[in-house]
Amino acid sequence: MATTLTYAEIAAIAKTKLTAIGMPMQFVRVTAGGVYDPESGGYTGPTETTTSFYGVRTNPTQAEVQAGLFQGVTAVILAPADLAGGSAPTTADKLIYGGQRWDIKEIRSVAPAETVMLYKLGVTATGSAE
């Protein structure tokens, strides 16, 4: 008798496979500033929170390019569903891997039945991670 897996179990399997074949990366959540701080008498700047994960660097598929997806990106990163700690990544966020900082230009989720299994992030290099 075949065992039926839940989408949460399938997402966990996808994360395990990314860890096995992927490379270490860091997801940088950028939170907008602009909140008035009465103690300093000024406004706060943007804050960054970094989370480590394993991702796979690849190129867009022919079907994605023909559909107009991932135009003008250097690479596509396959990242686990829990990448951003429960909320979806945005194009304001960044990635760090291979000694470089990368802008996220496009985000596609792999989400059968509305449950995210993984993210495909179209990225371009912005310079050194230092």
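Owing to the predicted nature of the structure, the values given are computational and were not obtained by experimental measurement. (Residues numbered from 1 in each chain as written. Predicted model: local features only at pLDDT ≥ 70, side-chain atom pairs only at ≥ 80, totals over all residues. Heavy atoms only, no water.)

### Remarks on the nonpolar core
Within soluble globular proteins, side chains that are nonpolar tend to cluster in buried spots. Membership of the largest hydrophobic core comes to 15 residues, with the highest contact counts inside it found for Phe 27, Phe 53, Ile 77, Leu 95, Tyr 97, Leu 121 and Val 123. Breaking this core down by element, the ones donating at least two residues are strand E1 (23–31), strand E5 (75–80), strand E6 (94–97), strand E7 (100–110) and strand E8 (118–128). In contact with Tyr 97, other than residues within four places in its own chain, are Met 23, Pro 24, Met 25, Arg 57, Ala 75, Ile 77, Trp 102 and Val 123. (Core = buried A, V, L, I, M, F, W, Y, C linked by side-chain atoms within 4.5 Å. Buried < 20%, exposed > 50% of the residue type's maximum accessible area, 1.4 Å probe, protein only. Helix = DSSP H or I, 4+ residues; strand = E, 2+ residues; numbered from the N terminus. Contact = heavy atoms within 4.5 Å.)

### A few points about the environment of Leu 118
Mapped onto the fold, Leu 118 is located in strand E8. Between the alpha carbons of Leu 118 and Gln 62 there is a distance of 19 Å; along the sequence they are 56 residues apart.

### Overview of the environment of Ser 52
Examined against the element boundaries, Ser 52 turns out to sit in strand E4 (residues 47–58). Here the alpha-carbon distance between Ser 52 and Leu 83, two residues 31 residues apart in the chain, equals 8.6 Å.

### What to know about the pairing of E4
Taken together, the nine bridges between E1 and E4 define a ladder with antiparallel strand orientation. Across the sheet, the residue bridging to Pro 24 is Tyr 54, located in E4. Of the strand pairs in this sheet, E4 and E5 are connected by three bridges, and their pairing is antiparallel. Residue pairing for E5: Thr 58 is matched across the bridge by Val 76. (Pairing = 2+ DSSP bridges.)

### Points about the sheet that holds E1
If you walk around this closed barrel you meet the six strands as E1-E4-E5-E8-E7-E6, and the pairing is antiparallel. Mean inter-strand twist for the sheet, computed between neighbouring axes without regard to direction, equals 45°. When E6 meets E7, the two strands line up antiparallel, connected through four bridges. Bridge pairing in E7 places Tyr 97 opposite Gln 100. (Axes fitted to C-alpha atoms, helices over the stretch in contact; angles between N-to-C directions.)

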